[in-house]
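What the coordinates show
Single-letter residue listing:
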Number of protein chains: 2
Amino acid sequence: MNIRMNPEEVLKNSGYKLTQQRRAIIEVLRNSGGPYTANEILSLVSDKYSGINFSTIYRNLELLVRLGIVEKLNIADGYCHFKLTGENHHHHIICNKCGEIREIDICPFDELLRNTKLEDLDFEPVEHKFEIYGICSKCKDKK
Amino acid sequence: MNIRMNPEEVLKNSGYKLTQQRRAIIEVLRNSGGPYTANEILSLVSDKYSGINFSTIYRNLELLVRLGIVEKLNIADGYCHFKLTGENHHHHIICNKCGEIREIDICPFDELLRNTKLEDLDFEPVEHKFEIYGICSKCKDKK
DNA sequence: ATATCTGCAAAGTCTTTGCAGCACG
DNA sequence: CGTGCTGCAAAGACTTTGCAGATAT
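Quick caveat: nothing in here was measured; it's all calculated off a predicted structure.

Glancing now at the sheet that holds strand β6 (residues 123-136) of chain A. Read across the open sheet, the six strands follow the order β5(A)-β4(A)-β6(A)-β6(B)-β4(B)-β5(B); overall the sheet is mixed. Each edge of the sheet is formed by a strand with only one pairing partner; in this case those strands are β5 (101-104) of chain A together with β5 (101-104) of chain B. Within this sheet the neighbouring strands show an average axis-to-axis angle of 30 degrees, counted without direction. Across four bridges, strand β4 (residues 91-95) of chain A lies against β6 of chain A in parallel orientation. Looking at the pairing, H92 of chain A lines up with E131 of chain A of β6 of chain A.

Next up, the structure:
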């Protein structure tokens, strides 16, 4: 499955139906950025497709994650956050005040590999997360 | 509040009572390592102090986190994990198969600061998390 | 046509809260 | 003794599931 295919194509080629609800979810994620909680996605999608249910949101987000179309973030605020999988590898900075999540391009992992610091761990890395929590510029100015 | 004080002292000096339940929770965390979920902590503590309730576990874990005695980890498995705050700053490697969480001393953050990569972000970092998910040696051998 | 998907409602999990009685200091 | 703590039970928040009817291909 080519990662360059758009979400709709991936769904169809995997044998899933392209329902109105799925279209709406994908469109919301595509146009509004994110990451959003399931709750926020329900609100946003409801504008486009009223009557959509929470179970549909959850079932489809899970499917989209499974297909690699959507990534699920476990931020330390107790909620799951979802966004379209981007082309680029990245990490996040999270504001402790307003909760805003921003992508950053800084990735410490490659450097660790280069420095061979990981070799001693006897551990086969699959993925990694790097998150910086703090105060964003907007909230700093407000204070 | 000196970080070198033991948990019992911190509690007392902060005006909290040193109840049997709190002793048991702290002892379990101290002897069994961790990190453990609230559920696991309930089981472990129940061996020592039967009759203890979930609300007591949660209330006290929250208190201990607030006092800096315990740290709360948000691993991407949907549960909160708790362990005694160690002396040293560290991060975690998490096995996707068995869920084991191990501390590692590798910290990419200092290097980022040295490299001044963070300066452009217009963000005031407070804390950070670095987690590597993958397959631990035990699970690799099993496969 | 038919296998999949949705909405609804109900249940499941983890966590929090209100309250009366207990226990630490 | 008195405040704070616990156990109990109930509720809250988020997520999952079973099922009958609707929908995409």
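Residues and elements named next belong to chain A. UniProt's entry tags C95, C98, C136 and C139 with the feature "binding site: Zn(2+)" (unreviewed entry), counted in the numbering of this structure. A maximum C-alpha distance of 8.3 Å places the annotated residues, which cover 45 residues in sequence, within one compact spot. Relative to the helices and strands, C98 is located in the loop between β4 and β5. Apart from residues no more than four positions distant in its own chain, C98 is found in contact with C136 and C139. Looking at the element boundaries, C139 is found in helix α6 (residues 137-142). Looking at C139, the relative accessible area reads 9%, which means it is buried. In contact with C139, not counting residues within four places along its chain, are C95, K97 and C98.

Calculation rules
- Residues numbered from 1 in each chain as written.
- Chains lettered and ligands numbered in written order.
- Predicted model: local features only at pLDDT ≥ 70, side-chain atom pairs only at ≥ 80, totals over all residues.
- Heavy atoms only, no water.
- Pairing = 2+ DSSP bridges.
- Helix = DSSP H or I, 4+ residues; strand = E, 2+ residues; numbered from the N terminus.
- Axes fitted to C-alpha atoms, helices over the stretch in contact; angles between N-to-C directions.
- UniProt positions renumbered as here; feature names shortened; annotations may be inferred.
- Contact = heavy atoms within 4.5 Å.
- Buried < 20%, exposed > 50% of the residue type's maximum accessible area, 1.4 Å probe, protein only.

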